[in-house]
Amino acid sequence: MKARRPLVAVWALALWLSVAGNVPLWERVGGLAGSPSQRLALFVGLGLLVAGATAAVLSLMAWPRVFRPVATVLALVSAFNTHFMHQYGAVIDPGMLANVVQTDVREVRDLLSWSLPATVLLVAGPPLWWIWRRPLASRGWLPQTARNALGALAALGLIVAAVLLTYQDLASLMRNQKSLRYMINPLNTVYAATRLAAQQLPRSARALQPMGEDARLGASYAGHQRPPLLLLVVGETARAQNFGLNGYARPTTPALARWQAEEGLVNFGQVQSCGTNTQVSLPCMFSPLTRAQGGDRVAEHENLLDVLQRAGLAVLWIDNQAGCKGVCARVPHVSTASLRLPGVCDDGECFDAVMLQGLDERIAALDPDRRARGVVLVMHQMGSHGPAYFKRTPPDRKPFVPECASNTLSDCPPGELVNAYDNTIAYTDHFLDAALQWLKRRATAGANDTGLIYVSDHGESLGESGLYLHGMAWAIAPREQTHVPMVAWLSAGLRERTGLREDCLRNRAAEPVSHDHFFHSVLGVMDVTTGAYRRSLDALAPCAGAALVQAPQDGARR
Ligand SMILES: [Zn+2]
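Residues numbered from 1 in each chain as written. Predicted model: local features only at pLDDT ≥ 70, side-chain atom pairs only at ≥ 80, totals over all residues. Heavy atoms only, no water.

(A) Just the overall build of the chain, in detail. Secondary structure summary: the chain contains 23 helices and 14 strands in total. Compactness check: the chain gives a C-alpha radius of gyration of 27 Å against a globular reference of 24 Å for 558 residues, within 12% of the reference. Projected onto its principal axes, the C-alpha positions of the chain cover 85 × 50 × 45 Å. Looking at the chain as a whole, 55% of its 558 residues qualify as buried. The positive charge centre, built from 51 side chains, and the negative charge centre, built from 44, are 10 Å apart in the chain. (Helix = DSSP H or I, 4+ residues; strand = E, 2+ residues; numbered from the N terminus. Rg over C-alpha atoms; globule rule 2.2 N^0.38 Å. Buried < 20%, exposed > 50% of the residue type's maximum accessible area, 1.4 Å probe, protein only. Lys, Arg positive; Asp, Glu negative; His and termini not counted. Charge placed at Lys NZ, Arg CZ, Asp CG, Glu CD.)

Given below as C-alpha cells:
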C-alpha cells in the first residue's frame, strides 16, 4: 500500500479537528452578537488560527512512528471534550484537567451516558479510520525532523496571516470572551496538560514548608475541664442561593432554620469560594495563604490540620468522597465512601449520614493524650456532587419531586433538575441536623465543649446561561459557582471558652467573608497560638470577648 506523505496527514487532520472537533466553539461564535460580516471574519480568522495552531503541533510530531499515536490521542481528546462541552457547557482549562486527573471511578461513572460513545464515534472515528488505513512515508530521522520544523513554521505563518487579517475582530473577541480560548480542541488540553505538568514536576520533589512550628494551645486550655471538639464539615457543590437560610423560595434547610431560631446557629450569607472545583478549593481552604497569596495553587506549605496537630490536638479526617486532595496526608484519616453498611450505603457509595456512624468510637480510638486536650474532626461530604444529583439522596429524603434521574442534565426539564439538586441540599440539611444533635449531646453530657463550622467548597451551575456543573476558570466563573453557604454553631461551653458573643456573630455573619478566613477562624475558635495566625483574617475574632479584643495584632495573639 502506498505510504502517505506526512504533510498531507498533518493538514487533513488539522482541518478535520478544527471543524468537526470544535462544534461547541463554532456554535458559541455563531451565537455572538455582531453583523454577519463581522461573524464571517471571526469564523475565517479563528478557523485559520485554530487550524494553523493544530497543524503546528501536529507538524512537530510528524515522524512516522510518532504521528499516528499522537494523532489518535488528540482526536479522542477532541471527541471527549466535545461531548462534555456540549453536555455541560464545560470548558477545558488547567483546573478542569486537574479535576479530571484526580477523579475516581465513581465520579466517572456518574458522567457517562450514551451520547458519549456516539460523539466519540462521530468526531474521532473518521480521522482515525483514515489515519490508520495507510502508514506514513519514511525518509529518515534527520530529514524528517527538518521537514517537521519547516511544517511548523509554515503553520505559524498561517497563524500570523490570520491574526493580521482579522486582528480587530479577534482581539475584541478574545478580550470579551475569555472562556473561548479554553474551548479550542484539542489545544486547550495540550495547554492545560503542559501547565499542569510544569506545576507538579518541580514541587512533587520538594518537601512542604513547615507551618506554625511555634503552635501552642492558648490560655483557655488551662482553665477548662472539658476539651473542645470542633467539627468542620466541608460541603460539596452546595451553592448559597439554593439554601433556604439565604432566602431561597423553597424550604431546603428547615432543620438549620430551627437551629438558627432556637439554638444560636449563625448563617454566613456572603461567602466566596477560593476555587470552582474541589481540587483547588479544598487545599486552599486549609492553606495558610489567601487566594491572592497563591492559596489556590499547588500547596507548598503545610496546612491547618498540620498546625492543629502540632499544637497537640487530636485531628481526624472522615472522607465520604474522592479523597482529601492531600490535605489530610499527615493526620489520621478514614474513608467511608466504599463501606457496605446496609441502609446508608447502596450501589458502591454511601450517603453522607454514614460519617456519623460510630463517631464516639472513632473519637475514643484517637490518641488519648491529644484527645484529652481537644479534637478537630473534619467531614468531607459527597453533598451535591453532580451530575447524578439523584444518587446523593435516599428514596425517603426527596421532598422535591419529580426529580431528574439522568446524568444527561440537558435532557431533563429544568424544574426536575432543580428538584434533584434541591433534594441534595435538603439532605445536607438533614445531615447537618444529625451532626449538630450529636455535638449537642456530647456537650450536654459534659464530654466536650462542642462546635461546628460548615462551608461548601464551591457552587454549581444548573443551566444558567447554558452552563452546568462547575469548574469554570475562577476569574470568569458565574456567581452560582463561587457563592457558597456557610454556617457556624457553638455550644454554650464553647462560647464561654472563646468569649464569642452570639448577637455579635449574627451581625458579623452578614458581612462578606471567603475561604481565606477558614484557616485563621479555626485557629481562633480552637485557641491555638502561632505566628501563622492572622487576626485580620479570623472571621469570628471581632466577636471575641474582652481578653481577645485587647490582644496584640497579627501573628502574636496573647
Ligand atoms: Zn467540589
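(B) Examining the pairing of strand β9 (residues 449-456) more closely. Within β9, eight of the eight residues are buried, which leaves it mostly tucked inside the rest of the structure. Every second residue of β9 is oriented toward a common face, with Asp-449, Gly-451, Ile-453 and Val-455 on one face and Thr-450, Leu-452, Tyr-454 and Ser-456 on the other, all of them buried. Of the strand pairs in this sheet, strand β2 (residues 228-235) and β9 are connected by eight bridges, and their pairing is parallel. Within the sheet, the bridge partner assigned to Leu-231 lies in β9 and is Leu-452. Pairing analysis gives five bridges linking β9 to strand β12 (residues 483-490), with the strands arranged antiparallel. Paired with Val-455 across the strands is Met-486, a residue of β12. (Pairing = 2+ DSSP bridges.)

(C) Highlighting a positive patch on the surface. On the surface, Lys-2, Arg-5, Arg-139 and Arg-147 cluster together to form a positively charged patch. Tracing the chain through its elements places Arg-139 in the loop between α7 (115-133) and α8 (141-165). A relative accessible area of 33% places Arg-139 in the partly exposed class. (Patch = residues over 30% accessible without salt bridge, like charges linked within 9 Å, V, L, I, M, F, W, Y side chains within 5 Å. Areas by Shrake-Rupley, 256 points an atom, 1.4 Å probe, with all protein chains shown as cover. Salt bridge = Lys/Arg side-chain N within 4 Å of Asp/Glu carboxyl O.)

(D) View of unusual backbone geometry. Looking along the chain, the bond that leaves Asn-185 and enters Pro-186 is cis, with omega of -10°. Counting through the fold element by element, Pro-186 comes out in the loop between α9 (167-176) and α10 (187-205). Of note, the amide linkage connecting Gly-386 to Pro-387 takes the cis form, showing an omega dihedral of -5°. Positionally, Pro-387 belongs in the loop between β8 (375-380) and α18 (414-444).

(E) Highlighting α9. Of the positions making up α9, those classed as buried are Leu-170, Ala-171 and Leu-173. Looking down the long axis of α9, one finds its buried residues gathered within 165° of arc, a one-sided arrangement. For α9, exposure combined with an orientation more than 90 degrees from the buried face picks out Gln-168, Arg-175 and Asn-176. Buried residues along α9 sit in contact with α3 (36-59) and α8. (Arc of directions from axis to C-beta. Contact = heavy atoms within 4.5 Å.)

(F) Seen up close, the side chain of Ser-384. Mapped onto the elements of the fold, Ser-384 is located in the loop between β8 and α18. Apart from the residues lying within four places of it in its own chain, the contact partners of Ser-384 are Glu-236, Thr-237, Ala-238, Tyr-389, Tyr-421, Thr-424 and Ile-425.

(G) Broad picture of the packing of helix α1 (residues 6-19) against α7. Direction vectors running N to C along α1 and α7 enclose 170°, while the axes themselves pass 11 Å from each other. If you check the angle between α1 and α7, you find them roughly antiparallel. Where α1 approaches α7, its residues Val-8, Ala-9, Ala-12, Leu-13 and Trp-16 are matched on the opposing element by Leu-122, Val-123, Pro-126, Pro-127, Trp-130 and Ile-131. Tallied by class, the residues present in the contact of α1 with α7 amount to eleven nonpolar, no polar and no charged. (Axes fitted to C-alpha atoms, helices over the stretch in contact; angles between N-to-C directions. Parallel < 35°, antiparallel > 145°, perpendicular 65-115°, else oblique. Nonpolar A, V, L, I, M, F, W, Y, C, P; charged D, E, K, R; others polar.)

(H) Highlighting the sheet that holds strand β5 (residues 333-335). The strand order across the open sheet built from eight strands is β5-β4-β8-β2-β9-β12-β3-β13, with neighbouring strands paired in mixed fashion. In this open sheet, the two edge strands, each paired with only one partner strand, are β5 and β13 (513-514). In the sheet, strand β4 (residues 314-319) pairs with β5 via three bridges, with the strands oriented parallel. Residue pairing in the sheet places Asp-319 in a bridge with Ser-335 of β5. Helix α22 (residues 518-525) rests against β2, β9 and β13 of the sheet, and its axis sits at about 160° to β2.

(I) Quick peek at the state of the cysteines. A full pass over the atoms with the stated rule returns five disulfides. The residue that forms a disulfide with Cys-404 is Cys-412, at a sulfur-sulfur distance of 2.1 Å. Its torsion about the S-S bond being 75°, the disulfide of Cys-404 and Cys-412 is classed as right-handed. Neither Cys-404 nor Cys-412 differs from the other in exposure class; each is buried. (Disulfide = S-S within 2.5 Å.)

(J) Representation of the environment of Ala-14 within the structure. Among the secondary structure elements, Ala-14 is positioned in helix α1. Along the primary structure Ala-14 and Val-57 are separated by 43 residues, whereas in three dimensions their C-alpha atoms are 9.2 Å apart. Beyond its immediate stretch of four places on either side in the chain, Ala-14 contacts Ala-51, Thr-54, Ala-55 and Leu-58.

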